[in-house]
Amino acid sequence: MKLHGIVPACVTPFIDEKASPEAMQSNIARWLKAGVHGFLIFGSTGEFMYLEADERRAVLRAAREAIPEDRFILAGCGAESTSQTLRNLTWAAEDGADAALVVTPVYYTRGNIDAQRRHFLALAEASPIPILIYTVPAFTAYDLPIALIAELAAHPNIVGIKDSSGDLKRVALQIGIQEHEDFTLFAGSPNLAYPALSMGAAGSITAFGNIVPELMVALWKAVQAKDLTRAAGLQRAITELHGVIGPMGIPAIKALLNYRGYQAGRPRSPLAPLDEAAAETAIAAWKQAMGMCEWWE
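Given the structure is predicted, the values throughout are model-derived calculations rather than measurements. (Residues numbered from 1 in each chain as written. Predicted model: local features only at pLDDT ≥ 70, side-chain atom pairs only at ≥ 80, totals over all residues. Heavy atoms only, no water.)

K.L.:
Please clarify how the environment of His-119 should be interpreted in this entry.
P.N.:
Within the secondary structure, His-119 is located in helix H4 (residues 113-126). In contact with His-119, not counting residues within four places along its chain, are Ala-79, Ser-81, Thr-82, Thr-85, Val-102 and Pro-105. Among the polar contacts listed, one links the side chain of His-119 to the side chain of Thr-82, at a separation of 2.8 Å. (Helix = DSSP H or I, 4+ residues; strand = E, 2+ residues; numbered from the N terminus. Contact = heavy atoms within 4.5 Å. Polar contact = N/O pair within 3.5 Å; in protein donor to acceptor, adjacent residues only side chain to side chain.)

Below, the structure is given as structure tokens:
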């Protein structure tokens with residue numbers, strides 16, 4: 001299956017303090033109507049660090065039931081140890097994931113190139129499903145060297161990367177790897193969706209696929225049609241929205257989803273919902289972004 005297009009990094013709905021498979025299925029049905037190409041379950045926006053093993057398995061199985069075979073599903077499987085990551089990969093394969101996203105381990109291995117290489121190659125050899133590397137320095141305070149990414153890309157079971165560095169130069173260099181290897185680059189910053197796609201990135205995986213899937217899909221279509229003026233206008237709306245809600249994090253994404261009638265629930269402690277004033281600010285910014293793009297449609 002080709003991995004490409006607009007992919008929401010799905011929130012995990014916590015209803016009555018429990019991860020809800022039913023709410024996940026309800027949300028997926030709406031994202032499908034918006035035209036997204038695939039789904040990432042248990043990315044950073046999915047609060048994967050806060051999930052119990054039984055919650056992971058129940059939610060992923062429910063997602064697979066709700067997602068048609070012509071749309072792909074990625075499962076976040078990263079953990080600090082190679083052995084736990086491999087267990088997550090095995091469970092993800094059993095529960096229906098097409099491929100896995102594996103974040104760089106950092107607690108003991110930040111900056112240790114040999115350890116990172118050893119981790120990813122061991123996983124690639126043993127994983128029952130293909131792997132995409134996940135670099136997100138906002139959370140890990142570390143980014144893999146481009147040379148190591150190119151080396152790992154040569155392994156047939158490492159099929160891509162989600163780059164959430166927000167660094168356009170790094171994205172461009174990895175598009176170069178994509179051109180020479182069977183390797184897929186997804187831009188992980190909503191601010192780089194248009195430039196990354198226009199340079200040849202395979203797609204965009206972001207939290208914004210949750211809250212403005214219509215704009216993200218419209219941006220994808222505009223780039224594919226080479227309507228760059230339209231794409232630039234959509235990017236401006238997305239970037240202005242990000243400027244307001246980006247610092248608010250997952251609580252803002254969930255607040256906007258709940259406002260839109262999705263079933264997002266609350267963030268899991270120690271995260272907390274937005275207060276009323278912040279929620280109003282986020283909603284006003286979302287309305288402005290949607291309003292900016294009405295004429296495009």
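That shown, we press on.
K.L.:
Explain the packing of helix H11 (residues 228-245) against helix H13 (residues 276-292) to me, please; I cannot follow it from the model alone.
P.N.:
Between two packed helices, both the angle of their axes relative to each other and the distance between the axes serve to describe the pair. Contact pair H11 / H13: the axes reach a minimum separation of 9 Å and the direction vectors enclose 175°. By the angle between their directions, the pair H11 and H13 is classed as roughly antiparallel. Contacts from Arg-236, Ala-237, Glu-240, Leu-241, Val-244 and Ile-245 in H11 reach Thr-281, Ala-282, Ala-285, Trp-286, Gln-288, Ala-289 and Met-292 in H13. (Axes fitted to C-alpha atoms, helices over the stretch in contact; angles between N-to-C directions. Parallel < 35°, antiparallel > 145°, perpendicular 65-115°, else oblique.)

K.L.:
Could you clarify how one ought to interpret H11 in this entry?
P.N.:
In an α-helix, one full turn covers 3.6 residues, which means residues spaced three or four apart are oriented alike. With 18 residues, H11 should cover 26 Å at 1.5 Å per step; its first-to-last C-alpha distance of 25 Å lies within 8% of that length. In this fold, the buried residues of H11 make contact with helix H8 (193-199), helix H9 (208-211), helix H10 (213-224), helix H12 (250-260) and H13. (Expected span 1.5 Å × (residues − 1).)

K.L.:
Can you help me understand the environment of Thr-140 in this one?
P.N.:
The residue Thr-140 is located in helix H5 (residues 137-140) in this model. Overall, the relative accessible area of 5% leaves Thr-140 in the buried class. Between the C-alpha atom of Thr-140 and that of Val-106, which follows or precedes it by 34 residues, the distance is 6.3 Å. Here Thr-140 is in contact with Val-103, Thr-104, Val-106 and Arg-110, once residues within four sequence places are set aside. (Buried < 20%, exposed > 50% of the residue type's maximum accessible area, 1.4 Å probe, protein only.)

K.L.:
Even after reading the chapter, I still don't get the pairing of strand S8 (residues 158-163), so can you show me in this structure?
P.N.:
In the case of a regular strand, side chains alternate between the two sheet surfaces. Counting buried positions along S8 yields 6 of 6 residues, so the element is predominantly enclosed. The pairing of strand S7 (residues 131-135) with S8 spans 5 bridges and is parallel. Residue pairing in the sheet places Thr-135 in a bridge with Asp-163 of S8. The pairing of S8 with strand S9 (residues 184-187) spans 4 bridges and is parallel. (Pairing = 2+ DSSP bridges.)

K.L.:
Help me out: how do you make sense of the nonpolar core in this one?
P.N.:
Most often, soluble globular proteins keep nonpolar side chains buried together rather than apart. Trp-31, Phe-39, Ile-41, Ile-211, Val-212, Leu-241 and Ile-245 are the most contacted members of the largest nonpolar core, which totals 100 residues. Looking at this core element by element, the count peaks at 8 residues for H10. Once residues lying within four places of it in the same chain are set aside, the contact partners of Val-212 are Leu-241, Arg-260, Trp-286 and Met-290. (Core = buried A, V, L, I, M, F, W, Y, C linked by side-chain atoms within 4.5 Å.)

K.L.:
Help me understand the sheet that holds strand S5 (residues 72-76) in this model?
P.N.:
Pairing between the strands of a sheet is mediated by backbone hydrogen bonds and can be parallel or antiparallel. Here we have 8 strands laid out as an open sheet, ordered S1-S10-S9-S8-S7-S6-S5-S4, and parallel in their pairing. The two strands at the open ends of the sheet, each matched to only one other strand, are strand S1 (5-8) and strand S4 (38-41). Taking each pair of neighbouring strands and ignoring which way they run, the sheet shows an average axis angle of 25°. In the packing of helix H7 (residues 168-180) onto the sheet, contacts are made with S8 and S9, and the angle to S9 comes to roughly 160°.

K.L.:
When you look at the environment of Gly-96 in this model, what are you seeing that I'm missing?
P.N.:
Examined against the element boundaries, Gly-96 turns out to sit in the loop between helix H3 (82-94) and strand S6 (99-103). Residue classification places Gly-96 among the buried positions, given a relative accessible area of 19%. Put simply, Gly-96 and Gly-76 are 20 residues apart on the chain and 13 Å apart in space, counted from C-alpha to C-alpha.

K.L.:
Whenever I open this one, H12 confuses me. Can you help?
P.N.:
Burial analysis of H12 places 8 of its 11 residues in the buried class, the great majority of the element. Buried residues along H12 sit in contact with strand S2 (14-15), helix H1 (21-34), H9, H10, H11 and H13.

K.L.:
Got a minute to help me understand the packing of aromatic side chains in this structure?
P.N.:
Applying the stated criterion across every chain, the model contains 5 aromatic pairs. Note on Trp-31 and Phe-39: the rings are 6.5 Å apart at their centroids and 50° apart in plane angle, and the pair reads as tilted. Per residue, the accessibility class of Trp-31 equals that of Phe-39, and both read buried. Taking the centre distance of 5.8 Å and the plane angle of 75° together, the rings of Tyr-259 and Trp-286 count as edge-to-face. Taken together, the positions of Tyr-259 in helix H12 and Trp-286 in helix H13 put the pair 27 residues apart, joining distant regions of the chain. Judged by relative accessible area, Tyr-259 falls into the partly exposed class, the value being 38%. You can call Trp-286 buried: its relative accessible area is 12%. An aromatic cluster of three or more residues is present, and its members are Trp-31, Phe-39 and Tyr-262. (Phe/Tyr/Trp six-rings, centres within 6.5 Å; stacked < 30°, edge-to-face > 60°.)

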